[in-house]
2 protein chains.
Amino acid sequence: MTIQMNQLHQSESISDIITGMEKSALDRWYRGDPSGYLEIYADDIVYFDPFSDRRIEGLDQLTEIYESIRGELFVERYELLNPKVQAVENMAVLTFNLVAQSEKPNDRWNCTEVYLRDNQNRWKIIQTHWSFTTPELR
Amino acid sequence: MTIQMNQLHQSESISDIITGMEKSALDRWYRGDPSGYLEIYADDIVYFDPFSDRRIEGLDQLTEIYESIRGELFVERYELLNPKVQAVENMAVLTFNLVAQSEKPNDRWNCTEVYLRDNQNRWKIIQTHWSFTTPELR
């Protein structure tokens, strides 16, 4: 019983840590600063977004893409809806919907992040998947 | 060193198991049979696709959606491109691109699956994210 409660507690902590990391990175992202994400991406991250014609492989490739839009993306307000973390000891998946208040009429996103805890107890993102919510309506 | 090799071996096994499970489920999916996936979804699966206006929560909700298209989707050939598995002992993330040869001119997908091993040593999908590759080109 004690073990169960400890596991639950630990799992709640992971959820708080991961969600907090994501929000911090997003806050910077929407102020034109991609470094919030770049600093927490693992070297071997894999990445999907609606603009690439295949999976992006690795931090070098993703850095190049992110640096090309540094200082260009600004969103005053966004809502991160229903963040959910499913975790084991050293891996966690965070999913959420996001609504950005931007010039686009339907700036809505689905997002899946997978975090891995490394041997120095640091959580890093190893997989990112951004997609449009109902892309036909854009 | 022995431990490292065992870990590597185990990790390769996980990759084979997960990729095999996904291909079996996809083969049935493209013959109009959603049960291949439904049988390997965890009860608390979370799910994104381009047709839903938010994250789908749980097997009951997803079963309802899948049953509504049973027997309606047929694709003769598809290519699963560059499947990659990133795993720890009891959780694994599988990512791939998929190209289906269907009546649609650009039936291309990004996919992220997260598998969790339960206490009976069965891998189940706890998170699915399907999105269109380059939706603007559809």
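The structure we're discussing is the one just above.
Position numbers for residues start from 1 in each chain and track the written sequence from start to end. By the order in which they are written, chains take letters starting at A while ligands take numbers starting at 1. Only residues with pLDDT of at least 70 get local features here, since the model is predicted, and only at 80 or more are side-chain atom pairs given and counted; chain-wide, interface and lining totals rely on the full set of residues. In computing side-chain values, all of the structure's heavy atoms are included and hydrogens and water are not.

(A) Fine view of the interface of chain B and chain A. The partner chain A presents 39 residues to the 39 residues of chain B that form the contact. Note on definitions: buried area is the accessible-area loss of two parts on being combined, 1.4 Å probe, summed for both. Around 2,800 Å² of area is buried between chain B and chain A when both sides are counted, 58% of it from carbon and sulfur atoms. By the criterion of area lost to chain A, the three top residues of chain B are B:Arg55, B:Gln86 and B:Met91, representing 18% of everything that side buries. Think of a polar contact as two N or O atoms within 3.5 Å of one another; within protein, one of them needs to be a possible hydrogen donor and the other a possible acceptor, and neighboring residues in sequence only count if both atoms come from side chains. Taken together, chain B and chain A are joined by 14 residue pairs in polar contact (both at pLDDT 80 or more). We call two residues in contact whenever any of their non-hydrogen atoms come within 4.5 Å of each other.

(B) Up close: the state of the cysteines. The criterion for a disulfide is a pair of cysteine sulfur atoms lying within 2.5 Å. Using the criterion set out here, one finds 0 disulfides over all chains in the structure. The thiol sulfur of A:Cys111 is not disulfide-bonded, and the nearest other cysteine sulfur, from B:Cys111, lies at 15 Å. Of the residues examined, A:Cys111 reaches a relative accessible area of 0% and is grouped as buried. Here the term buried applies to any residue with accessible area under 20% of the maximum for its type, exposed to any over 50%, and partly exposed to those in between, with areas from a 1.4 Å probe on protein chains only.

(C) Up close: the packing of aromatic side chains. Residue and element names in this part refer to chain A. Pairs were defined over the aromatic rings of Phe, Tyr and Trp, the Trp ring being its six-membered one, requiring ring centres within 6.5 Å. Orientation was assigned from the angle between planes: stacked under 30 degrees, edge-to-face over 60, tilted for the rest. A full pass over the atoms with the stated rule returns 22 aromatic pairs over all chains. Their ring planes at 50° and their centres at 4.7 Å tell us that Trp 109 and Phe 132 sit as a pair that is tilted. Note that Trp 109 is positioned in strand E5 (residues 108-117) and Phe 132 in strand E6 (residues 123-132), a separation of 23 residues in sequence. Exposure remark for Phe 132: the relative accessible area of 3% places this residue in the buried category. The rings of Trp 29, Tyr 37, Tyr 41, Tyr 47 and Tyr 66 are connected pair by pair, giving a single aromatic cluster. Here a strand is any run of E in DSSP of at least two residues, a helix any run of H or I of at least four, and the numbering for each starts at the N terminus.

(D) Quick peek at the sheet that holds strand E5 (residues 108-117) of chain B. All names here are of chain B. At least two bridges found by DSSP between two strands is the condition for calling them paired. Taken in spatial order, the 6 strands line up as E2-E1-E6-E5-E4-E3 in an open sheet, and their pairing is mixed. Looking at strand neighbours, the two that pair on one side only are strand E2 (56-57) and strand E3 (77-87), the edges of this open sheet. When strand E1 (residues 41-48) meets strand E6 (residues 123-132), the two strands line up parallel, connected through 4 bridges. The partner of Tyr 47 across the bridge, within E6, is Thr 128.

(E) Region of interest: the pattern of salt bridges. Salt bridge, as used here, is a side-chain nitrogen of Lys or Arg placed within 4 Å of a carboxyl oxygen of Asp or Glu. Across all of its chains, the model carries 14 salt bridges over all chains by this definition. B:Asp53 serves as the salt-bridge partner of B:Arg54, at 3.1 Å between the closest nitrogen and oxygen. Overall, B:Arg54 belongs to the exposed group, its relative accessible area being 52%. You can call B:Asp53 partly exposed: its relative accessible area is 43%. Beyond isolated ion pairs, a larger network of salt bridges with shared partners links A:Arg28, A:Asp33, A:Glu39, A:Glu67 and A:Arg70.

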